[in-house]
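Fold and contact review
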Amino acid sequence: MGRATEFIIAMGKITVLNKTLVLLLAALAIVLTRSIGGSHHTDLLAYTLRDGPGKTTLLMYDPRFGVSLPVHTDANASAIAFSFSLEGQLAFELGSDNVGQIHVWDTVSGQSSLIGFSPVPQSTFPTVWSPDGHYLAFVFDVDGKDEQLYVWDGKTTINVTPDGLSRTASIYSGIAWSADDRLAFTVFYPHGSTPLDDPDEIYLWDGKTTTNLSQNSIGHDTYPSWSPDGRLAFR
């Protein structure tokens, strides 16, 4: 009985090792194929899978191999925020065990980067990449009351939060990049929950400064959208 049990356990270990080896080989094949071929245009699909209460896994699917690879698992999260650039860079939050960190994986080169912060925020999550993949916009929340908007350029982080709004803004949404790397976004205010009752407004970061584009002091301006030739529309 003891030998049979040992055999079963050993077989289980072999099965796990075989599955792990298959995943590693598949991941290596994906990276090598994209890196050697210099291809930024091979389709990859990133998605999340919720497995039971509180456990979420971020996976990447490559249709050439018909394989989904687990990228990151958080056993204490109902969701994992992520953003996939057109250049093959996958940014995702590391979740409850690594609060305040964003991982960036380049599926073309296989290189990884970690965006960390001090002081450690309550949460931080990626929102959207610029079209050329040079910038990543993300939200940084220190204590649930101090939400800020940042941009990462691959080396450094840039705070693009409008002056004086980090303690009053409820959320940054409608975040949109132009073809020439200008960032437009909506600042929503917590109407009715604070003495302030300012209308929602649109701001623009041009690479150097952040400017309020809203002209109506009492109207709500939301959800900016860029045209291919660089014109901005909003409602």
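As a starting point, this report considers the structure included with it.

Here is what the cut-offs are and how they apply
Residues numbered from 1 in each chain as written. Predicted model: local features only at pLDDT ≥ 70, side-chain atom pairs only at ≥ 80, totals over all residues. Heavy atoms only, no water. Pairing = 2+ DSSP bridges. Helix = DSSP H or I, 4+ residues; strand = E, 2+ residues; numbered from the N terminus. Axes fitted to C-alpha atoms, helices over the stretch in contact; angles between N-to-C directions. Phe/Tyr/Trp six-rings, centres within 6.5 Å; stacked < 30°, edge-to-face > 60°. Buried < 20%, exposed > 50% of the residue type's maximum accessible area, 1.4 Å probe, protein only.

**Observations regarding the sheet that holds strand β6 (residues 101-106)**
- Reading across from one edge, β4-β5-β6-β7 is the order of the 4 strands in this open sheet, with antiparallel pairing throughout. The sheet is open, and its two borders are formed by β4 (82-84) and β7 (112-116), each paired with just one other strand. Taken over all neighbouring pairs, the strand axes of this sheet differ in orientation by 15° on average, direction set aside.
- Across 3 bridges, β4 lies against strand β5 (residues 89-93) in antiparallel orientation. Across the sheet, residue Phe-84 finds its bridge partner in β5, namely Leu-90.

**Description of the packing of aromatic side chains**
- Within this structure, the stated rule accounts for 6 aromatic pairs.
- With a centroid separation of 6.5 Å and an interplanar angle of 65°, the aromatic rings of Trp-129 and Trp-152 are classed as edge-to-face. Residue Trp-129 is located in strand β8 (residues 123-129), and its partner Trp-152 is located in strand β10 (residues 147-152); the two are separated by 23 residues in the primary sequence.
- For Trp-152, a relative accessible area of 8% translates into the label buried.
- Ring geometry for Phe-138 versus Tyr-150: centroids 5.7 Å apart, planes at 15°, classification stacked. One end of the pair, Phe-138, is in strand β9 (residues 136-141); the other, Tyr-150, is in strand β10, and 12 residues separate them in sequence.
- Classification of Tyr-150 by relative accessible area gives buried; the value is 15%.
- Through pairs of rings, three or more aromatic residues link up here, namely Tyr-135, Trp-177 and Trp-205.

**A look at the pairing of β9**
- Of all 6 residues in β9, 6 are buried; the element is thus mostly enclosed.
- By the alternation rule, side chains of β9 split into Leu-136, Phe-138 and Phe-140 and Ala-137, Val-139 and Asp-141, which are all buried.

**Some thoughts on the pairing of strand β12 (residues 171-177)**
- Pairing of β12 with strand β13 (residues 183-188), which is carried by 5 bridges, proceeds in the antiparallel orientation. When the bridges of β13 are listed, Ser-173 appears paired with Thr-186.

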